[in-house]
Amino acid sequence: MITSELPVLQDSSNESGQAETVSLSMSVSELDEPEVKGKKKRGRPGRPPAANKKPRKSPIEKGQMGPPRGRKANGLAQHNGEGGDPVTLFEVVKLGKSAMQSVVDDWIESYKQDRDLALLDLINFFIQCSGCKGTVRIEMFRNMQNAEIIRKMTEEFDEDSGDYPLTMPGPLWKKFRYNFCEFIGVLIRQCQYSIIYDEYMMDTVISLLTGLSDSQVRAFRHTSTLAAMKLMTALVNVALNLSIHQDNTQRQYEAERNKMVGKRANEKLELLLQKRKELQENQDEIENMMNSIFKGIFVHRYRDAIAEIRAICIEEIGVWMKMYSDAFLNDSYLKYVGWTLHDRQGEVRLKCLKALQNLYTNRELFPKLELFTNRFKDRIVSMTLDKEYDVAVEAIRLVTLILQGSEDALSNEDCENVYHLVYSAHRPVAVAAGEFLHRKLFSRHDPQAEEALAKRRGRSSPNGNLLRMLVLFFLESELHEHAAYLVDSLWESSQELLKDWECMTELLLEEPVQGEEVLSDRQENALIELTVCTIRQAAEAHPPVGRGTGKRVLTAKERKTQIDDKNKLTEHFIMALPMLLSKYQTDSEKVGNLLQIPQFFDLDVYSAGRMEKHLDALLKQTKFVVEKHTETDVLEACSKTYSILCSEEYTIMNRVDIARSQLIDEMCDRFSHSVEDLLQEGEEADDDDIYNVLSTLKRLTAFHNAHDLTRWDLFGNCYRLLKTGIEQGSMPEQIAVQALQCSHYSILWQLVKITDGSPSKDDLVALRRVCKSFLAVCQQCLSNVNTPVREQAFMLLCDLLMIFSHQLTSGSREALQPLVFNPDSNLQNELLNFVLDHVFIDQDDENQSMEGDEEDEANKIEALHKRRNLLAAFSKLIIFDIVDMPAAADIFKHYMKYYNDYGDIIKETLSKTRQTDKIQCAKTLILSLQQLFNELLQDQGPNLDRTSSHVSGIKELARRFALTFGLDQIKTREAVATLHKDGIEFAFKYQNPKGAECPPTNLAFLEVLSEFSSKLLRQDKKTVHSYLEKFLTEQMMERREDVWLPLISYRNSLLTGGDEDRMSVTSGSSSSKAGSIRSKKGRPAINKKRIEEESMEGSWMLRNDSLQTPGALQTPQLTSTVLRENPRQAAEHMPDQDSEPGSESDFVHNPQMQMSWLGQQKLEEVGRKDRTAMNYMKARSGGVRQTVRGLMEDDAEPIFEDVMMSSRGQLEDMNEEFEDTMVIDLPPSRNRRERAELRPDFFDSAAMIEDESGFTMPMF
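Just so we're clear, the structure is a prediction, and the values are computed from it rather than from any experiment.

Time to look at the overall build of the protein. In terms of regular secondary structure, the protein is built from 56 helices and two strands. Counting every position in the protein, which comprises 1260 residues, the buried fraction comes to 49%. The contacts of the protein with a sequence gap of at least 6 include a subset with a gap of at least 24, amounting to 76%. When the accessible surface of the protein is summed, it comes to about 61600 Å², and 49% of that surface belongs to carbon and sulfur atoms.

And the structure:
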């Protein structure tokens, strides 16, 4: 039997243990006769029965063992020479150079020679696989219990690193894990006929693994659990083979016994009975071993604190249930998988789902899974929305398998929860949901009957009903703009249906036969939209925008499929598209979708297949659509179609170009005449005149976007319309908008011609004149009464200023310098005012009449989108230095108030401007805060309420700005110092008109400025403090009233916090451990200036000790560590030779920094220090020494407490990651069950079921 260190096993007769006991015994009558498949037996299948069977003894209960001899294990000497061959079992398995079966055979041979030493090798193998450097010696093996051995190995564990072989990265250790598992499986397989039944080897291994799996050391627990689970899997395989042997033996026995008495061989019957008895005994032995592993290890480790260990247990129990379903596929074992579906780690939930998938794949197992399905179906369906995408994908696949096994297992509500996932942005989730949708709705149950029905109705394809169902599903989902997502989700599972373009065309063109319902207008729109999406998917062979991370390289097979699909759809729609356009030519929505199809054609088919007549038909229908419609989407689709068909690489280009030129000539003539009529009639123009101009201008603008129409000189008439509208103020807004857009396209096409060729001076002058006049018109339109005109003029102004900026001459294009336009201050101010008036507005004020309606919500979103575009256009001008950077101050100051609407745009603008010029960006930030402060002064007067929400808002904005400087204080050093300089100057810019005894008007701004003090380096804080003192009078430094608190607060922020700054000087993030320890060497330098002040002038704190300082802002005390150094060293203190980058010496000796403001301040400070250094020690009076000494004694203890708190915090942080590995010296008297109670039970079945259904008892 297993040693006493294992949990006491309950036999099958114990009712309380039936649920967790592996029972493999079967009645003889229940045995079938499967074929015996396996390896040839090595010797007899069983061992001879013992008459008086004694209880097993563990190795530690055996007699005395001899001393270790110079032996060999695996045929290799047990000494480790450098550069030699691997000599331990661990090294052999780790390198994996030998076949695992030969390694195991070598160990078996050594076991036969000396099983104690061989087992010692195996024990050390498991210890070393855990990453432990210790070795179990023969004396320990002979005299110590397993718990004592494990405790000894724990003490020798290398705690320098948390890694161990199973968690180490790299291909070597990944291979080791595979070899480790393979070794255990091969070991049991090779020992399955004799050694595992010797009552010694398996008892020793199981006892050791049980003890290790209960260790507080994670490495021991993880490694032993993996070994035990793989050992259990190998034993399950042995048990399965034994069951097969039993079936065969029973069948042979029954066949022999049923023979006639004369032909019956009694000796054979006796041999079969003996063999059956041996197999049954072996089965009992295996059952005992499996019970020991399951109840001693699995039951406790499947809810371990470490997710990897829980995942191992769940993965292996799934293997057992699939491998030996008769014994393990029941509710007693399935409940562990069901409970673990609620695990908080996605890795474990994923293992649960994959284990269940292996079971539900076999339909023969469905009856055994029925109770589990009913109990946990809701949880599995809910996991399709799991936050981990991998888990959600596997959950959908599992639900699909459940659907395949039983149509009634899922309710309509369950199915609907999966349906909508086809619109997920995560493609694997959507594809899995598409597979489910295909199985549920789009799989043909009786293909032959459906094909016969299609032939009777005269259809070439039987997919008509399925396509109708697809259309209905799309319409009911109410996500019509996501047709491309639906097609992409179904593409892998329903390609046959989605590529049936003939059937789609038949449904659209043919009249429905008797018995079929007519497609409604909405259904026709949906079918056309889906058809276009399937064409795009087939032609482009990649997911739509928003799915995936970009275009991937197609394989040769995928490329061939793409070419074949493109040829197929081209040949079909070359003939079908003109007919579809003819039928739906008056429906703008349908025509707009249909005209997208030609862009996916293989246009060589027109000439190769002699299909020019179909091309003429397409051009004819397209021209009719252009003349019939004025909708922008339709006209742009027509323009794009002409553009594609006019590609120069195709032979059909000439034919299409002639048709296009004829169409443009007609529209330009019509436009010229209508413009003349409109301008002549002036204010007397009627609606027809306006409609003629507007409709023709819309068509020309749409075509001018994709075609070069400069030879028709559309700019002249458009400019006349705009000038007339500005002068008379009576031009309809839509005509003005379209004229602006068309003029813009005309200028861009002229620029393209100039940049592509070698322009003459006259060409440049002409384009500059045109561009200048158009910019002037746009600037005048900014004050137009119509909002669409103003917005269009603003966008075009920003675009043209970007295009014709100084970047136009880059790339060896200096000849284009005459075309460069730089906006003057007047234009910049107008653009900025436009942004402030039209972007930073409250949406509720703009849409007071809109309340709650979905359409109104859509209008609000559209309006916000327009305002974001306006802000982005202006921000680009700032980023590319077209508009002066100080203009951004008016943008930055709205960062907090409009964070939800424009926060991302403003933040990106701030980041880009900082990359351009750090110092100027810092000046802009402080300017924005100054503007807000001035606005607050105008509203509240000079007596600000410092506790008001407005002041808090400015401080919060400053804090956000400070965070944008990042952690690298060296890179932002000069910028932050400049920011403080400007802030100090602003605070003391205006004196209080009441007199010098009152604080300056802007003094409260220092409280805002203190938010940036943490971004200063230690030495820069002293420099800024020195600059601050230039503005302070003696009276200011002594004042303690509330109105002076901003000054006190700002000074404190500059005089404290030096240690934290020192820790964060270097680039990158500093260590949290280092940041929590005080630097004693740094403290005298931090406080040296303050000591100098006290020695020279006397401390203002000591001189004014009668004044009460507010409790919230206590004046800083001297730090006790000052006197812990030699006073002479403190007096002669100079910058350290190994000071951090950017120290004072750098500024003194670096010529690049001497010209900066910060460098100048440093030079002044160093000079002042030299003048005062000689008087430093003389000024220290005895009273000051006594005071400082008293402070030192009071301050010493808190420093120690701070360090201890930091250390304690570090331990807590480590415990969060290794919460089960830190406590390794628990009293050995505690048994395993008591220690298990110390760890939380994450998966208590009763608690979980009580949470879900209200029951307080386990289900099973």
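Past the structure itself, the notes keep going.
The residue Ser875 is located in helix α37 (residues 854–879) in this model. Residues contacting Ser875, with those up to four places away along its chain left out, are Ile905 and Thr909.

For the rest of this paragraph, the subject is the nonpolar core. Counting residues in each nonpolar core, the largest one holds 316 residues, and the members touching the most others are Phe183 and Phe874. Of all the elements, helix α8 (residues 218–257) adds the most residues to this core, at 14 residues. Beyond its immediate sequence surroundings of up to four residues, Phe183 is in contact with Leu89, Val93, Met100, Val103, Val104, Leu122 and Phe125.

Here the structure, examined in full by the defined rule, presents 41 aromatic pairs. For the pair Trp320 and Phe328, a centre-to-centre distance of 6.0 Å together with 50 degrees between the ring planes defines the contact as tilted. A relative accessible area of 0% places Trp320 in the buried class. By way of ring pairs, the aromatic residues Phe294, Phe298, Tyr302, Trp320, Tyr324, Phe328, Tyr333, Tyr336 and Trp339 are connected into one cluster. In this structure, Arg115 packs its charged tip against the face of Tyr200, placed 4.0 Å from the ring centre. Above the plane of the ring of Phe376 lies Arg375, whose end atom (NZ or CZ) is 4.6 Å from the centre.

Let's shift gears to helix α28 (residues 632–645). Given a rise of 1.5 Å per residue, 14 residues ought to cover 20 Å, and the 20 Å separating the end C-alpha atoms of α28 matches this to within 8%. What α28 keeps buried is the set Val634, Leu635, Ala637, Cys638, Ser639, Thr641, Tyr642, Ile644 and Leu645. Tucked into the core, α28 has its buried residues touching α25 (588–594), α27 (612–628), α29 (653–681) and α30 (687–706).

Quick look at the pattern of salt bridges now. Scanning all chains against the criterion turns up 38 salt bridges. The shortest N-O distance in the salt bridge between Lys912 and Glu908 comes to 3.8 Å. Within this pair, Lys912 and its partner Glu908 are both found in helix α39 (residues 899–916), separated by four residues, close to a single helical turn. Connected through salt bridges with shared partners, the residues Arg427, Asp488, Glu492 and Arg547 form a single ionic network.

With that settled, the discussion passes to the UniProt feature "coiled-coil region" (unreviewed entry) in the protein. UniProt records the feature "coiled-coil region" (unreviewed entry) for residues 262–292 in the present numbering. For residues 262–292, the helix share is 87%, the strand share is 0%, and the end-to-end C-alpha distance is 48 Å.

Below, the discussion takes up a negative patch on the surface. Together, Asp677, Glu681, Glu683, Glu684, Asp686, Asp687 and Asp688 make up a region of like negative charge exposed at the surface. Counting only elements with at least two residues in the negative patch, the list comes to α29 and α30. On the secondary structure map, Asp677 appears in helix α29.

Below, the discussion takes up the environment of Ser730. Turning to its location among the elements, Ser730 is positioned in the loop between α31 (714–728) and α32 (733–756). Those residues in contact with Ser730, other than ones at most four positions away along the chain, are Glu683 and Gly725.

Before going further, it helps to spend a moment on the packing of helix α7 (residues 201–213) against α8. One way to put it is that α7 packs onto α8 with a least axis distance of 8 Å and a crossing angle of 140 degrees. When the axis of α7 is compared with that of α8, the two are oblique. Every pair of crossing elements has a handedness; the one defined by α7 and α8 is left-handed. Note on element contacts: α8 touches α7 through Phe220, Arg221, Ser224, Thr225, Ala227, Ala228, Leu231 and Leu235, opposite Met202, Val205, Ile206, Leu209, Leu212 and Ser213. Across the contact of α7 with α8, the residue classes tally to 10 nonpolar, three polar and one charged.

So, on to the confidence of the model for the protein. Residues at a pLDDT of 70 or more form 74% of the protein, whose mean pLDDT is 78. Mean pLDDT across the elements of the protein bottoms out in helix α50 (residues 1100–1103) (31) and peaks in helix α13 (residues 346–360) (96). Scored below 50 in pLDDT, residues 848–852 makes four contacts in the model with residues more than four places away or belonging to other chains.

The subject of this paragraph is the packing of helix α17 (residues 427–442) against helix α19 (residues 464–477). Direction vectors running N to C along α17 and α19 enclose 125 degrees, while the axes themselves pass 11 Å from each other. Classified by the interaxial angle, the pair formed by α17 and α19 is oblique. The way α17 lies across α19 gives a crossing that is right-handed. Contacts from Leu437, Leu441 and Phe442 in α17 reach Leu466, Met469, Leu470 and Phe473 in α19. Across the contact of α17 with α19, the residue classes break down as seven nonpolar, no polar and no charged.

Topologically, Ile878 is positioned in helix α37. What makes Ile878 buried here is its relative accessible area of 3%. In this structure the C-alpha to C-alpha distance between Ile878 and Thr909, which are 31 residues apart in sequence, comes to 7.9 Å. With residues near it in sequence (within four places) discarded, Ile878 still touches Val883, Met885, Ala888, Ile891 and Thr913.

For the rest of this paragraph, the subject is the state of the cysteines. With the rule as written, the count across this model stands at zero disulfides. Take Cys771: it sits in no disulfide, and the sulfur closest to it among the cysteines is that of Cys778, at 9.0 Å.

Checked against the element boundaries, Thr249 lands in helix α8. Separated by 26 residues in sequence, Thr249 and Lys275 have C-alpha atoms that sit 7.4 Å apart. Leave out the neighbours within four places in its chain, and Thr249 touches Leu272, Lys275, Arg276 and Leu279.

Because an α-helix completes one turn every 3.6 residues, residues spaced three or four positions apart along the sequence face the same direction. The end-to-end C-alpha distance of helix α41 (residues 949–963), which contains 15 residues, comes to 21 Å, matching closely the 21 Å that a straight helix rising 1.5 Å per residue would cover. Within α41, the full set of buried residues consists of Val951, Ile954, Leu957, Ala958, Phe961 and Ala962. Along the axis of α41, the buried positions cluster into a sector of 145 degrees, meaning they face one direction only. Facing away from the buried surface of α41 by more than 90 degrees, the exposed residues are Ser949 and Leu963. Of the surrounding elements, those touching the buried residues of α41 are α38 (889–892), α39, α40 (918–940) and α43 (1005–1009).

Our next topic: unusual backbone geometry. Unusually for a residue other than glycine, Ala541 sits at a positive phi of about 60 degrees. Relative to the helices and strands, Ala541 is located in the loop between α23 (521–540) and α24 (556–583). Its relative accessible area of 28% is what places Ala541 among the partly exposed residues. A positive phi is found at Ser812, a non-glycine position, where the angle reads about 60 degrees. If you trace the backbone, Ser812 turns up in the loop between α34 (787–803) and α35 (825–838).

Mapping His838 onto the fold places it in helix α35. On the basis of relative accessibility, which here comes to 19%, the residue His838 falls in the buried class. If we skip the residues at most four places from it in the chain, His838 touches Arg790 and Arg867.

Rules used in this analysis
- Residues numbered from 1 in each chain as written.
- Predicted model: local features only at pLDDT ≥ 70, side-chain atom pairs only at ≥ 80, totals over all residues.
- Heavy atoms only, no water.
- Helix = DSSP H or I, 4+ residues; strand = E, 2+ residues; numbered from the N terminus.
- Buried < 20%, exposed > 50% of the residue type's maximum accessible area, 1.4 Å probe, protein only.
- Contact = heavy atoms within 4.5 Å.
- Areas by Shrake-Rupley, 256 points an atom, 1.4 Å probe, with all protein chains shown as cover.
- Core = buried A, V, L, I, M, F, W, Y, C linked by side-chain atoms within 4.5 Å.
- Phe/Tyr/Trp six-rings, centres within 6.5 Å; stacked < 30°, edge-to-face > 60°.
- Lys NZ or Arg CZ within 6 Å of the ring centre and 35° of its normal.
- Expected span 1.5 Å × (residues − 1).
- Salt bridge = Lys/Arg side-chain N within 4 Å of Asp/Glu carboxyl O.
- UniProt positions renumbered as here; feature names shortened; annotations may be inferred.
- Patch = residues over 30% accessible without salt bridge, like charges linked within 9 Å, V, L, I, M, F, W, Y side chains within 5 Å.
- Lys, Arg positive; Asp, Glu negative; His and termini not counted.
- Charge placed at Lys NZ, Arg CZ, Asp CG, Glu CD.
- Axes fitted to C-alpha atoms, helices over the stretch in contact; angles between N-to-C directions.
- Parallel < 35°, antiparallel > 145°, perpendicular 65-115°, else oblique.
- Left-handed = near helix turned anticlockwise from the far one by under 90°.
- Nonpolar A, V, L, I, M, F, W, Y, C, P; charged D, E, K, R; others polar.
- pLDDT = per-residue confidence, 0-100.
- Disulfide = S-S within 2.5 Å.
- Arc of directions from axis to C-beta.

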